[in-house]
Amino acid sequence: MKAHKATWMTATLILSLSLLGGCAFIRGSMGDAFKDEDVAALKKGVTTRAQVAARLGAPERILEANGYEIFQYYRYDVKSGMILFFSRTNVMGDDLYVMFNKKGVVDEVVFGKRTNRLKFQFWPFGD
Amino acid sequence: MTERQPARAPIEWARRVVGLMAVALVLSGCPLQWQRIAINETIKPEDVTFIRAGKTTLFEVVAELGAPDDISDSLGGAVARYRFRDARYFRVNFGYAVKLLTPPGIPDDMVLAGGGTGTQEFHVMFDANWVVQYHAFALHLSASHYRFWPFDTWPFYTYIIPVEERRSPGAF
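The rules behind these values
- Residues numbered from 1 in each chain as written.
- Chains lettered and ligands numbered in written order.
- Predicted model: local features only at pLDDT ≥ 70, side-chain atom pairs only at ≥ 80, totals over all residues.
- Heavy atoms only, no water.
- Salt bridge = Lys/Arg side-chain N within 4 Å of Asp/Glu carboxyl O.
- Helix = DSSP H or I, 4+ residues; strand = E, 2+ residues; numbered from the N terminus.
- Buried < 20%, exposed > 50% of the residue type's maximum accessible area, 1.4 Å probe, protein only.
- Contact = heavy atoms within 4.5 Å.
- Nonpolar A, V, L, I, M, F, W, Y, C, P; charged D, E, K, R; others polar.
- Pairing = 2+ DSSP bridges.

S.K.: Report on the pattern of salt bridges, specifying residues and quantitative values.
M.R.: Summed over the entire model, instances satisfying the criterion amount to 13 salt bridges over all chains. Put simply, Arg-55 of chain A and Asp-38 of chain A hold a salt bridge, and the shortest N to O gap is 2.9 Å. Within this pair, whereas Arg-55 of chain A is found in helix 3 (residues 49-56), its partner Asp-38 of chain A is found in helix 2 (residues 36-40), the two being separated by 17 residues in sequence. On the accessibility criterion, Asp-38 of chain A (15% relative accessible area) is buried. Notably, a salt bridge pairs Asp-86 of chain B with Arg-36 of chain B, separated by 3.0 Å at the nearest N-O pair. Residue Asp-86 of chain B is located in strand 3 (residues 77-93), and its partner Arg-36 of chain B is located in strand 1 (residues 32-39); the two are separated by 50 residues in the primary sequence. Summarising the burial analysis for this pair, Asp-86 of chain B and Arg-36 of chain B share the class buried.

Laid out in structure tokens, this is it:
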């Protein structure tokens, strides 16, 4: 009986390994993750443009809208899964906008984090 | 008096395991591929019903939908854009069936493949006080599909593989 059990377990193991042969999980990212303390340090009416640049580095983009100068920072995260002949790659980004008033002081901070909802998926159908 | 029969269960299981292994090995170099790439989460019309022109602010929009991918200026005010994309690709290699019979060095691929990328954009225009003036979707979702037949003409009767409205022949 023990011999049968060992055979069965070996066969299951080989089957599992053969299925894993067509399997891949890949992770990539562009840019460093935003630290909560860095975002929290941006104080409206207090923090200056130079202090923002010193803390977060040079922005990826500098925009102008509604009379504001806006620093935009962003990063992207990628999770990709493949099993046999199905594969799915999900990409999401985090964006941080820091809006300055005419004096070059932070007036508003807009931060949105999507990457914490990013999933590994391999099934390419449905939503 | 009952005669003790040899246990057949392990043999049956072994056959099933060997069969499954054979299927797995065939599929691991599979002639079929479905691939999909999704960038950002899809925003649906029902996700933006909370937005009221003249009332909702940028910060309320961000609280619900996250930060936009882009903010730009226009003569009418600032525009926030949320972009999301969905790309699908399908490939089948009919040459796979004769791979073992083809002499080395002779190409044996016979591939039909196709797909599409659907780009969607949701944009919200704000006034000088960051209050919503209007919002709108740019919809191209029907472009995202798997496509079995890469040609423009479709030789099969539509009742075999129906061609949906606004889709290319062989799209599914």
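More follows now that the structure is in view.
S.K.: So what about the interface of chain A and chain B? Which residues, and what values?
M.R.: Counting residues at the interface gives 39 residues for chain A and 40 residues for chain B. Here chain A and chain B share 3 salt bridges between them. Glu-41 of chain B is paired through a salt bridge with Arg-117 of chain A; the nearest N and O atoms lie 2.7 Å apart. Every element with two or more residues in the side of chain A that touches chain B is listed here: helix 1 (2-20), strand 2 (61-65), strand 3 (68-83), strand 4 (86-100) and strand 5 (106-112) of chain A. Sort the elements by how many residues they give to the side of chain A that touches chain B and strand 4 of chain A lands first, with 11 residues. Across the side of chain A that touches chain B, the residue classes break down as 20 nonpolar, 11 polar and 8 charged. Alignment of strand 4 of chain A against strand 1 of chain B, held across 6 bridges, turns out to be parallel. In the sheet register, Phe-86 of chain A faces strand 1 of chain B, and the bridge partner there is Trp-34 of chain B.

S.K.: Outline the pairing of strand 3 of chain A, listing residues and values.
M.R.: Residues and elements named next belong to chain A. In terms of strand pairing, strand 1 (residues 23-30) meets strand 3 through 8 bridges, oriented antiparallel. Bridge pairing links Met-30 to Tyr-76 in strand 3. As paired elements, strand 2 and strand 3 share 5 bridges and run antiparallel to each other. Looking at the pairing, Glu-64 lines up with Glu-69 of strand 3. In terms of strand pairing, strand 3 meets strand 4 through 15 bridges, oriented antiparallel. Directly across from Val-78, in strand 4, lies its bridge partner Val-91. Taken together, strand 3 and the strand that follows it, strand 4, pair antiparallel across an intervening segment of 2 residues, in which Leu-84 is found at a positive phi of about 50°.

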